[in-house]
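So you can see what is in the structure, the chains are spelled out below.
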Number of protein chains: 2
Amino acid sequence: MARAWNQGEQERARRLERARAAGLGKVVDAARIGDLLNAILVSGDRICVEGNNQKQADFLSGALAKLDPAVIHDLHVVQSTLSLPSHLDIFERGIARRLDFCFSGDQGVRMARLIKENKVEVGAIHTYLELYSRYFIDLTPRVSFVAAQSADREGNLYTGPNTEDTPAVVESTAFKQGIVVAQVNEIVEKVPRVDVPADWVGFVVKAPKPHHLEPIFTRDPAQVTEIQILMAMMVVKGIYGPYEIARLNHGIGFDTAAIELILPTYAESLGLKGKICKFMSVNPCPTLIPAIESGFVEAIHCAGSELGMEAYCAARPDVFFNGPDGTMRSNRVFCQLAGHYTDLFTGSTLQMDLEGNSSTATLNRVTGFGGAPNFGSESRGRRHASPGWLKAGLESARHGSTMPRGRKLVVQLVETFQDKMAPTFVERLDAWKLQEDFGLSLPPVMVYGDDVTHLVTEEGIAHLHRCETLAEREQAIRNVAGYTPVGLARDRKVGENLQGRGIVQRPADLGIDPRMATRDLLAARSVKDLVRWSGGLYDPPKRFRNW
Amino acid sequence: MARAWNQGEQERARRLERARAAGLGKVVDAARIGDLLNAILVSGDRICVEGNNQKQADFLSGALAKLDPAVIHDLHVVQSTLSLPSHLDIFERGIARRLDFCFSGDQGVRMARLIKENKVEVGAIHTYLELYSRYFIDLTPRVSFVAAQSADREGNLYTGPNTEDTPAVVESTAFKQGIVVAQVNEIVEKVPRVDVPADWVGFVVKAPKPHHLEPIFTRDPAQVTEIQILMAMMVVKGIYGPYEIARLNHGIGFDTAAIELILPTYAESLGLKGKICKFMSVNPCPTLIPAIESGFVEAIHCAGSELGMEAYCAARPDVFFNGPDGTMRSNRVFCQLAGHYTDLFTGSTLQMDLEGNSSTATLNRVTGFGGAPNFGSESRGRRHASPGWLKAGLESARHGSTMPRGRKLVVQLVETFQDKMAPTFVERLDAWKLQEDFGLSLPPVMVYGDDVTHLVTEEGIAHLHRCETLAEREQAIRNVAGYTPVGLARDRKVGENLQGRGIVQRPADLGIDPRMATRDLLAARSVKDLVRWSGGLYDPPKRFRNW
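Nothing here was measured: the structure is a model prediction, and the numbers come from that model.

A.B. asks: Would you mind going over the overall build of chain A with me for this structure?
C.D. replies: The helix and strand tally for chain A stands at 19 helices and 21 strands. In chain A, once contacts between residues fewer than 6 apart in sequence are set aside, the share between residues at least 24 apart is 73%. Accessible surface, chain A: about 17,900 Å² in total, of which carbon and sulfur atoms supply 51%. The centroid of the 63 positive side-chain charges in chain A is displaced by 1 Å from the centroid of its 65 negative side-chain charges.

Below you can see the structure in the form of C-alpha cells.
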C-alpha cells in the first residue's frame, strides 16, 4: 500500500470535523472553550501557548489547565515563556509532561520543584530565536493558542502593538497543517489592520477579560542609584564614545536605564549626540523617552510593546515601526535578529566566574535567559563593518590568526555585590550545581566569557577581549571585582600592568570624577518626569504612579 | 516650533496624493508603471527590489531602469540579490548610486567593473539575515518592489511556494510608513491564501509576463562524479553517523547532491535511516526526492521553492510547510534562522587558506555569499543540546577554558583541485586582493577557519576543531590537500601523528574502499530517475530534460 503523505492534513480534518459536529464555528463562545479544546486536542500533542514575556493568552491557558487529565494528557509544551500559574498547572495536573521553553520568570522556583517531582520533563532551555527556529524544524506545534487585540468574524487578527511572538507561532503551526486558536479582547466588524490573515487561523474566542499584559520593561528613575549613574558614565565615555556605538541593544534593568537617562545630559555634554545610540532594538522602555524627545535615539524596533507606552509610540511614527492604522507592530523574531546584528549589547547578570562566564540561574530557580544569549554572543555570520565592530575585532586576541575579523561588543554591567551583599564574582557559578540537580547537558550559562568584550563595575572597565590568555582575563576580572573575595585575591602587579595597557580602566583613567555621578545627571528622576517629557502621552500603569 | 514626529507619514501621504492626482488607484495598469514610479519615488530614496536568488520582480526592476536619471537619481538600493541585468542598469544609468546587498551571482563581473568605475558605491556585502535585520535598524526601505503570484483587487498577495524574502521586505517597509509595490502574475477575485495582507501593500501591478524564477537548486544526478560519491561516503560514515546528525542544512552543489543521492542506498546500508538527516532547512532540491520517498528525510523547511517542484511539494504536506490552500509557503528568514540552529552545515567553496578560511570570492568578481556565512558559523546563542553538538563542543580545543560548551558542525567539502586544475588550497586567498581592489574593510571571507569543524576532500577528513593550535590545523589541512602545492609541502611526521590521533582520517581509516564509490550507489542517476522517484510529480524545467 502506498504511504499516505498527508497524515497531518487528515488529522487536522478529523479534529475540525469534531469541532463542527459539536456545533462550533470559527468564532467560538467563551463558555464553550472546553468543548473546543476537547475537539481539537489529542493526548501527546505538541502545543504552544503564547506565553511571551509580556502578552499572555491567559484565558486559553486557564482553560487548558481545567481539562480532564484522564482524557488529555502527555502534551508536549513548546513555548517561549511560562510565567503564569496556569502555565504550570497544566503540568502539575498531569495534562502536559514534556517542556521545551526559554524563560519562566516568576515561576522559576515552582518550575524547579516540578522538575524535581518529575512532573515536568525538560527537553531544553532555549533562547527565543532558537526555539522559534525549532518550530520550523523538529518542534512544530500541532495546536497553538495565541492572543490578539481583536478579530473580525472571518478570523483576521489585529495584535496592536503587542505583536510579539504571534507571527512566528502562527506561521509554523498553520503551515504544517496545525490548528491556531486565538483569544481576542473583542470581535469587530473590521480590524484596524491585519496582523495575521484569517486563513491562518482556525478558531477565535472572545475572552471574558482582555489578555494579560505585564509591564516588565518599566523602571522607575527614582530608584536609579548614584553607583549605577557612575557605571553608566563609564559605559558612555569609555565604550559607546570611543567605539562609536550607533546601533545597539539594551537589556532590562536599572543599570541600562541609567545609561538611557544620562544620554540627553552627560552624553550630550560629551558631544556624542548624533554619534551614539541612534538605532536601538529594544522594547519601548519608558526610560528612553527623554533620549527620544531630545533627538538622541532616532529609531527603535521593538520585540514587544510596553504597557502605558501605546499612545506615545503611536505619536512617534518616525521613531517606531507603526502600521497604516497608526499603532505600532512589534515582532520578537525581527527584533531579536536585529539586536544580534547590531554593534553592541549591554546587559546585567547575577553571577560571573573567573573566565567571565555569567548566569542569572541561581540555586533552586530554573528561569532561563530569554534573549540575552542571542544579543550577548558574537554574530559570527555578520559581514558588514562598522567602526566599533572593526575596532573590537582588531583589538581581540586571536591566538595568532592572521585573518582580521570584526567583533560584536558585549558589555556586562554589574555591581560587585548584589542584594544582601552576595558577591557577583564567584569562583564557581551556581549553574554547575543546577546542571547536576536538573540533569542538564551543560551548566546553564547565560553569556559565555569568550563572548564578553567589556565588564563594567563601579570599580572600572575591564576590556576582556584584549586579554591575551585566560589567566590575564581572570586578573582583569579580579581587578574590577572590588571587595569581593574574588577581587581581594587579585594580583596587584598584574593589575598595574593591565591598567598601564588600558585593559583595566578606573574612573580617573577615563577622566571621570565619581563625585559628579549624582542624580542631577538623570534627565528624568521619576515616572512623573517621564510623563512630562512625553507631553502626557505616556500613561504609566497604576503601580508606577505615586502622585 | 515643536518637532514633527511624523515626517515619514507626511512624505508617504504626499507621494500617495501624487499617484492619486495622476489617476492611479491601488491596482495600476502595467502601461502606467512609469507614472507610478515617478509619483512615489524621490531622488535619494532607499529602495529594495525583490531580488532574491530565485524569484525576481523583473518587470518592476526593468521599469526602474527606464526612469530618467535627470529626475530620479542617487537611489540607495538595499536588496539581497542583484542577478538580473536590469538590477545593474539602474546603477549604470545613474539612477541609483549606493548599494547594500548580499549576492550578485551572474552579475559579479559586471558588478566589479561598475564598482571600479565608481558607478556603484558599496555600503557592505551582507549575509541574508544581517541585511534583513538592518531593514529594521538603519537600512529600512522607503519604497519596496516585490513579486507575488497573484493579488485580489484589495491588494492581498498570494506568493505561492516562492514566498522567499517578501514577508521581511514588506513588513519593514509598510511599518515604517514606506510604500510597497507588488508585481503579480494575475489579478484574481479571491487569492488562494493570503501571504501578505492588503493593508501592507500600496500598489499592485499585473506584469505583462509572469515574474522570473531561476532554478538554481537543481543538480542533474548524471553529472555527479565518483570522486564526489567517495567524499559523500566519507561524510556519511565519518561525520553524519558518529555525530548523529538528525537536523542539518546543505549548500547548493554537486558535492551535497551526492550525499543526498546516497542516503537511500549507502546510508541505509549502514543502518542510519531514522538516525541521520531527518530534518532539513534547505530548498526543495530535486536530488532530495529519493531520500524523501524512502522515508529518510522526514521534514524540510524551505527558504524558497524550486522550479518544477511545486506539484511534488504540494503532494507531500507531511514533509513541507504547506498552507491551507495546499501549496507550500517558503520564508527565507525562518529557513536561514532554522539552518543557523541546526546541528550541521555542509557546503563547498572555491578557495581555502592554511587556517581553513574559505571564500568563493575570486579576482574580478564581486558576488557575495548569500546564506553560507550564517549556516557556516557557530551558533553561539544556541543553548539546547543534541548529541553531535555536544560531542563537537567537547572535542574542540578551548584554550584552557573549563566551561564546557556545545558546537555546531561546519563541514567544508572540496576537491583538492577546481576546474582547470586550479588548486583549492592556497597560501593566500584572492579575498585579500579583492579587499585592496574594492576598498573593503576586511577580506571577504565566506566561512572562517575558526568556525569549520571538518574539511573533507577526496584524500580524507580533517577534524579541524580538534587541532590544538593553528600550526596543527595547518598541517591537518595540508594532509588532505593531496597534490596541490599546499598538500605537497605537508610534514609527513605530523601527518602520521594526526592520523594516529584520528584528526586526519583516510578512506581506509573509515573502512571505506574507494573502489566502492561508483555511480551504482546513486539512488537516481539522471533527472529522469528523479521524475520517476517522484511518481511523475516533479516537472523539471526544459533545460534539464534530455528525453
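A.B. asks: Please explain the sheet that holds strand β18 (residues 409-413) of chain A as it appears in this structure.
C.D. replies: Think of a sheet as strands paired side by side through backbone hydrogen bonds, with each pair either parallel or antiparallel. All names here are of chain A. In space, the eight strands of this open sheet follow the order β14-β13-β12-β15-β18-β19-β20-β21, with mixed pairing throughout. Strands at the two margins of the open sheet, each flanked by one partner only, are β14 (299-301) and β21 (504-505). Bridge count for strand β19 (residues 454-457) against strand β20 (residues 460-463) is four bridges, and the pairing is antiparallel. The partner of Leu-455 across the bridge, within β20, is Ala-462. The strands touched by helix α8 (residues 226-240) within the sheet are β12 (247-250), β15 (344-347), β18, β19 and β20, with β19 carrying the most contacts at an inclination of about 150 degrees.

A.B. asks: Is there a simple way to explain the relation of the copies chain A and chain B in this structure?
C.D. replies: Overlaying chain A with chain B gives an RMSD of 0.0 Å, the required rotation being 180 degrees about an axis along which the chain moves by 0.0 Å. The transformation relating the two chain copies, once decomposed into turn and shift, fits a two-fold axis. Closest approach to the rotation axis within chain A is made by the C-alpha atom of Pro-197 of chain A, at a distance of 3.2 Å. Taken as a fraction of all interface residues of chain A, those also at the interface in chain B reach 100%, which identifies the copy contact as same-surface.

A.B. asks: Please explain the interface of chain A and chain B as it appears in this structure.
C.D. replies: Reports often express the size of an interface as the amount of accessible area lost when the parts come together. Each partner contributes residues to the interface: chain A has 95 residues there, and chain B has 95 residues. The contact between chain A and chain B buries some 8,200 Å² in all, and 60% of this surface belongs to carbon and sulfur atoms. Of all residues in chain A, Trp-5, Arg-383 and Met-403 of chain A give up the largest surface area on contact with chain B, accounting jointly for 11% of the area buried on that side. For the pair chain A and chain B, the number of links is eight salt bridges. Here Asp-451 of chain A ties to Arg-380 of chain B by a salt bridge, and the two come within 2.7 Å at their closest N and O atoms. Linking chain A to chain B there are 46 residue pairs in polar contact (both at pLDDT 80 or more). A per-class count over the side of chain A that touches chain B returns 44 nonpolar, 27 polar and 24 charged.

A.B. asks: What's the story with the pattern of salt bridges in this structure? I'm lost.
C.D. replies: Side chains that carry opposite charge are capable of pairing whenever their charged atoms lie near each other. A complete count under the given rule lists 75 salt bridges over all chains for this structure. Glu-117 of chain A is paired through a salt bridge with Arg-113 of chain A; the nearest N and O atoms lie 3.2 Å apart. The class for Glu-117 of chain A is partly exposed, based on a relative accessible area of 38%. The class of Arg-113 of chain A is partly exposed, set by a relative accessible area of 34%. Among the salt bridges present, the one from Arg-110 of chain B reaches Asp-89 of chain B, with a minimum N-O distance of 2.6 Å. A residue pair is termed long-range when its members are at least 10 positions apart, and Arg-110 of chain B in helix α5 (residues 108-116) and Asp-89 of chain B in helix α4 (residues 85-92) qualify at 21 residues. Its relative accessible area of 26% is what places Asp-89 of chain B among the partly exposed residues.

A.B. asks: Could you clarify how one ought to interpret the environment of Ala-19 of chain B in this entry?
C.D. replies: Residue and element names in this part refer to chain B. One can find Ala-19 in helix α1 (residues 7-21). Once the C-alpha coordinates of Ala-19 and Ala-207 are considered, the two residues, 188 residues apart in sequence, prove to be 19 Å apart. Ignoring anything within four residues of it in the chain, the contact list for Ala-19 reads Leu-24, Leu-36, Ala-39 and Phe-203.

A.B. asks: Please explain the packing of helix α1 (residues 7-21) of chain A against helix α2 (residues 33-40) of chain A as it appears in this structure.
C.D. replies: Angle between the axes and distance between the axes: these two values describe a pair of packed helices. All names here are of chain A. One way to put it is that α1 packs onto α2 with a least axis distance of 8 Å and a crossing angle of 150 degrees. With respect to α2, the element α1 is oriented roughly antiparallel. When the axes of α1 and α2 are compared, the crossing they make is right-handed. Contact residues: Arg-15, Arg-18 and Ala-19 in α1; Leu-36, Asn-38, Ala-39 and Ile-40 in α2.

A.B. asks: Even after reading the chapter, I still don't get the domain arrangement of chain A, so can you show me in this structure?
C.D. replies: Residues and elements named next belong to chain A. The assigned domain composition of chain A is domain 1 (11-213) and domain 2 (221-521). Domain 1 and domain 2 are separated by 34 Å when their C-alpha centres are compared. Counting residues at the interface gives 32 residues for domain 1 and 29 residues for domain 2. When domain 1 packs against domain 2, close to 2,600 Å² is buried across both sides, 59% of that on carbon and sulfur atoms. Together, Leu-129, Pro-161 and Arg-193 form the three largest contributors to the area buried by domain 1 at its contact with domain 2, with a combined 23%. With its nearest N and O atoms 2.6 Å apart, the salt bridge here joins Arg-332 to Asp-165. Taken together, domain 1 and domain 2 are joined by 17 residue pairs in polar contact (both at pLDDT 80 or more). Those elements that provide at least two residues to the side of domain 1 that touches domain 2 are β5 (96-103), α5 (108-116), α6 (128-135) and α7 (166-174). Of all the elements, α5 adds the most residues to the side of domain 1 that touches domain 2, at six residues.

A.B. asks: Please clarify how the sheet that holds strand β19 (residues 454-457) of chain B should be interpreted in this entry.
C.D. replies: Residue and element names in this part refer to chain B. If you walk across this open sheet you meet the eight strands as β14-β13-β12-β15-β18-β19-β20-β21, and the pairing is mixed. Either end of the sheet is taken by a strand with one partner, and the two such strands are β14 (299-301) and β21 (504-505). Bridge count between strand β12 (residues 247-250) and strand β13 (residues 279-281): two bridges; the pairing is parallel. Within β13, the position partnered with Arg-247 by the bridge is Phe-279.

A.B. asks: Sorry, what's going on with helix α18 (residues 492-500) of chain B here?
C.D. replies: Along an α-helix, residues three or four positions apart point the same way, because every turn accommodates 3.6 residues. Structurally, the start of α18 of chain B carries an N-cap: the backbone nitrogen of Lys-493 of chain B is 3.0 Å from a side-chain oxygen of Asp-491 of chain B. Following α18 of chain B by one or two positions, Gly-502 of chain B adopts a phi angle in the positive range, close to 75 degrees.

A.B. asks: So what exactly am I meant to see when it comes to unusual backbone geometry here?
C.D. replies: Backbone phi values are negative for most residues with the exception of glycine, while trans is the configuration of most peptide bonds. All names here are of chain B. Residues other than glycine seldom take positive phi values, yet Glu-164 does so here, at roughly 50 degrees. When you line up the elements, Glu-164 lands in the loop between β8 (157-158) and α7 (166-174). Its identity as a non-glycine residue notwithstanding, Glu-244 has a phi of 50 degrees, on the positive side. If you trace the backbone, Glu-244 turns up in the loop between α8 (226-240) and β12.

Cut-off values and rules
- Residues numbered from 1 in each chain as written.
- Chains lettered and ligands numbered in written order.
- Predicted model: local features only at pLDDT ≥ 70, side-chain atom pairs only at ≥ 80, totals over all residues.
- Heavy atoms only, no water.
- Helix = DSSP H or I, 4+ residues; strand = E, 2+ residues; numbered from the N terminus.
- Contact = heavy atoms within 4.5 Å.
- Areas by Shrake-Rupley, 256 points an atom, 1.4 Å probe, with all protein chains shown as cover.
- Lys, Arg positive; Asp, Glu negative; His and termini not counted.
- Charge placed at Lys NZ, Arg CZ, Asp CG, Glu CD.
- Pairing = 2+ DSSP bridges.
- Axes fitted to C-alpha atoms, helices over the stretch in contact; angles between N-to-C directions.
- Least-squares fit on C-alpha atoms with pLDDT ≥ 70 in both.
- Buried area = accessible area lost by both parts, 1.4 Å probe.
- Salt bridge = Lys/Arg side-chain N within 4 Å of Asp/Glu carboxyl O.
- Polar contact = N/O pair within 3.5 Å; in protein donor to acceptor, adjacent residues only side chain to side chain.
- Nonpolar A, V, L, I, M, F, W, Y, C, P; charged D, E, K, R; others polar.
- Buried < 20%, exposed > 50% of the residue type's maximum accessible area, 1.4 Å probe, protein only.
- Parallel < 35°, antiparallel > 145°, perpendicular 65-115°, else oblique.
- Left-handed = near helix turned anticlockwise from the far one by under 90°.
- Domains from an automatic or database assignment.

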